[in-house]
Amino acid sequence: MQEVYLKALGTGVYDKQKITVKRGIPVRLHFSAEQNSGCGKFFMIPKYGVQLVSRNGEEQTAVFTPNEAGVFEYSCSMRMFVGKLEVVA
Ligand SMILES: [Cu+2]
């Protein structure tokens, strides 16, 4: 299992602009959002069907297996917070 941490900050960005993981190994994503991050509370990785909501700063987790190498977007629900998920072979 690959453990990954990401936080949406009140300043309007994520604490990581890029996350790199290995293909074929399950990822446990730990997501949290600062209370003043607005729609940053709503997180998604469309490519892997991940959707999480951290309403009160709590950590939410999702497990998925990145089965395709490439660079995919993660973002808030309105794509104001944006980052890149890099999946390497
Ligand atoms: Cu947004």
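Just above sits the structure.
To keep things clear, this report deals only with the structure shown in the data block. Positions within a chain are numbered from 1, following the residues in the order the chain's sequence is written. Given that this is a predicted model, residues contribute local features only at a pLDDT of at least 70 and side-chain atom pairs are listed and counted only at 80 or more, while totals for whole chains, interfaces and linings are drawn from all residues.

A closer look at the overall build of the protein chain
We count it as follows: Comment: elements are numbered from the N terminus, with helices defined as DSSP H or I runs of at least four residues and strands as E runs of at least two. Just to be clear, the radius of gyration here is over C-alpha atoms, and the globule rule we use is 2.2 Å times residues to the power 0.38. Burial is judged by counting other C-beta atoms within 10 Å of a residue's own C-beta: 20 or more means buried, 12 or fewer means exposed, and anything between counts as partly exposed, with every C-beta placed from the backbone. Remark: residues whose backbone-derived C-beta atoms lie within 7 Å of one another are considered to be in contact.
The helix and strand tally for the protein chain stands at zero helices and eight strands. Helices and strands in the protein chain line up, N terminus first, as β-β-β-β-β-β-β-β. Its C-alpha atoms give the protein chain a radius of gyration of 12 Å, within 12% of the compact-globule value 12 Å for 89 residues. With the principal axes as the frame, the protein chain shows a C-alpha extent of 35 × 20 × 20 Å. By residue count, 24% of the 89 residues in the protein chain fall in the buried class. Residue pairs at least 24 apart in sequence account for 61% of intrachain contacts in the protein chain once pairs closer than 6 positions are excluded.

Topic: unusual backbone geometry
Despite not being glycine, Arg79 has its phi angle at roughly 60 degrees, a positive value. Within the secondary structure layout, Arg79 lies in the loop between strand 7 (70–76) and strand 8 (82–88). Among the residues examined, Arg79 registers 12 C-beta atoms within 10 Å and is labelled exposed.

Re the sheet that holds strand 4 (residues 42–45)
Just so we agree on the cut-off: By definition, two strands form a pair when at least two bridges between them are found by DSSP. Helix axes are fitted only over the stretch in contact, all axes being lines through C-alpha atoms; the angle between N-to-C directions runs from 0 to 180 degrees.
An order of 2-8-7-4-5 is seen for the five strands of this open sheet, with the pairing classed as mixed. Edge strands, defined here as strands with exactly one partner in the open sheet, are strand 2 (18–22) and strand 5 (50–53). Sheet twist, expressed as the mean angle between neighbouring strand axes with direction ignored, is 20 degrees. Relative to strand 8, strand 2 runs parallel, the two sharing five bridges. Note on strand 8: the bridge partner recorded for Ile19 is Leu85.

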